[in-house]
Amino acid sequence: MSEVKLTAETRTEFGKGAARRVRRENKVPGVLYGHGSDPLHLTLPAHDLQMALRTPNVLISLDIDGKSNELAIPKAVQRDPLKGFLEHVDLLLVKRGEKVTVEIPVRTEGELAPGGNLLEHVLDALPVEAEATHIPESVTVSVQGLEAGASIHAKDIALPSGVTLATDEDAVVLQVLAAQVEEAPEGEAEGEEAAEA
């Protein structure tokens, strides 16, 4: 898993006006919390943070005011609903070797059995427990040749070494649905037969 270094500054101003000023400076307000410590209010560089958040569960190495280095993972990200820019980020403090519970994206590979069946992602992400510095970016599941009615449960997914399920092992993650066939109304079928006679 990749580790991204970001420079952060502590902030002492709070509220909407202060948050707007921070955003005008191309920075994002955020909060770092965890391990029973008091929440630490920060500002982070907007572009660098946006790039880092492209990787799910990215490990962020924070250089805070040039005094301390902390490791964190994103816990909650708020974006502007229209423009998509970052409005606020909550970061969870982690330590090397510590286990954390996160959700990792489920990716699929392969083709379903012929017949126009549909693959439903019941869970888009799989809750797992992993070491904070070794969180997998995603898990890939083969759906090759699966037919209607088939399903893949959490326990069926091969996880990397050191990663364990943090959900019910019988939880359905993917299932294959039969293609919907539209039937012609009965009146139309009878009308066609009458026309042929």
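Preceding block: the structure.
None of these values were measured; they are calculated from a predicted model. (Residues numbered from 1 in each chain as written. Predicted model: local features only at pLDDT ≥ 70, side-chain atom pairs only at ≥ 80, totals over all residues. Heavy atoms only, no water.)

## A few points about the nonpolar core
Inference 1: Ile73 and Leu126 are the most contacted members of the largest nonpolar core, which has 23 residues in total.
Inference 2: Breaking this core down by element, the ones donating at least two residues are strand 5 (68-79), strand 6 (86-94), strand 7 (99-109), strand 9 (125-131), strand 10 (139-142) and strand 13 (172-177).
Inference 3: Examining the composition of this core, we find that four residues originate from one element, strand 7, more than from any other.
Inference 4: Not counting the four nearest positions on each side in its chain, leucine 126 is found in contact with Val102, Glu103, Ile104, Val106, Ala154, Ile157, Leu159, Leu165, Thr167 and Val173.
Inference 5: With 18 residues, the next largest nonpolar core counts Leu6, Ala52, Val58 and Leu93 among its residues. (Core = buried A, V, L, I, M, F, W, Y, C linked by side-chain atoms within 4.5 Å. Buried < 20%, exposed > 50% of the residue type's maximum accessible area, 1.4 Å probe, protein only. Helix = DSSP H or I, 4+ residues; strand = E, 2+ residues; numbered from the N terminus. Contact = heavy atoms within 4.5 Å.)

## Observations regarding helix 1 (residues 16-24)
Inference 1: Turning to helix 1, its buried residues number three or more, namely Ala18, Ala19 and Val22. The buried residues of helix 1 occupy one face: seen down the axis, they fall within an arc of 100 degrees. Turned more than 90 degrees from where helix 1 packs its buried face, Lys16 and Arg24 sit exposed.
Inference 2: The inward-facing, buried residues of helix 1 abut strand 2 (27-34) and strand 3 (37-45).
Inference 3: Two residues or fewer past helix 1, asparagine 26 is found with a positive phi of approximately 60 degrees. (Arc of directions from axis to C-beta.)

## Overview of the pattern of salt bridges
Inference 1: Within the structure shown, the criterion is met by two salt bridges.
Inference 2: Ionic pairing is found between lysine 27 and glutamate 9, a salt bridge with its closest N-O pair at 3.3 Å. With a gap of 18 residues between them, lysine 27 in strand 2 and glutamate 9 in strand 1 (residues 3-10) connect regions that are remote in the sequence.
Inference 3: Lysine 27 gets classed as partly exposed once you look at its relative accessible area, which sits at 24%.
Inference 4: A salt bridge links lysine 155 to aspartate 170; the nearest nitrogen and oxygen atoms lie 2.9 Å apart. (Salt bridge = Lys/Arg side-chain N within 4 Å of Asp/Glu carboxyl O.)

## Some points on the environment of aspartate 168
Inference 1: With respect to the helices, strands and loops of the structure, aspartate 168 is situated in the loop between strand 12 (164-165) and strand 13.
Inference 2: Here the alpha-carbon distance between aspartate 168 and glycine 17, two residues 151 residues apart in the chain, equals 44 Å.

## Brief notes about the sheet that holds strand 7
Inference 1: Pairing is mixed across the open sheet formed by four strands, whose spatial order is 10-7-9-12. At either end of the open sheet lies a strand with only one pairing partner, and these are strand 10 and strand 12.
Inference 2: For strand 7 and strand 10, the ladder comprises four bridges, and the chain directions are parallel. Across the sheet, residue threonine 108 finds its bridge partner in strand 10, namely valine 141. (Pairing = 2+ DSSP bridges.)

## A few points about unusual backbone geometry
Inference 1: Unusually for a residue other than glycine, asparagine 26 sits at a positive phi of about 60 degrees.
Inference 2: Along the chain, asparagine 26 turns up in the loop between helix 1 and strand 2.
Inference 3: Phi is positive for aspartate 65, which is not a glycine, with a value near 55 degrees.

## Focus: the pairing of strand 1
Inference 1: Sheet topology note: the strand 1/strand 4 (residues 59-64) ladder contains six bridges and is parallel. Within strand 4, the residue paired with lysine 5 across the bridge is serine 61.
Inference 2: Of the strand pairs in this sheet, strand 1 and strand 3 are connected by two bridges, and their pairing is antiparallel. Of the residues in strand 3, the one forming a bridge with threonine 10 is leucine 42.

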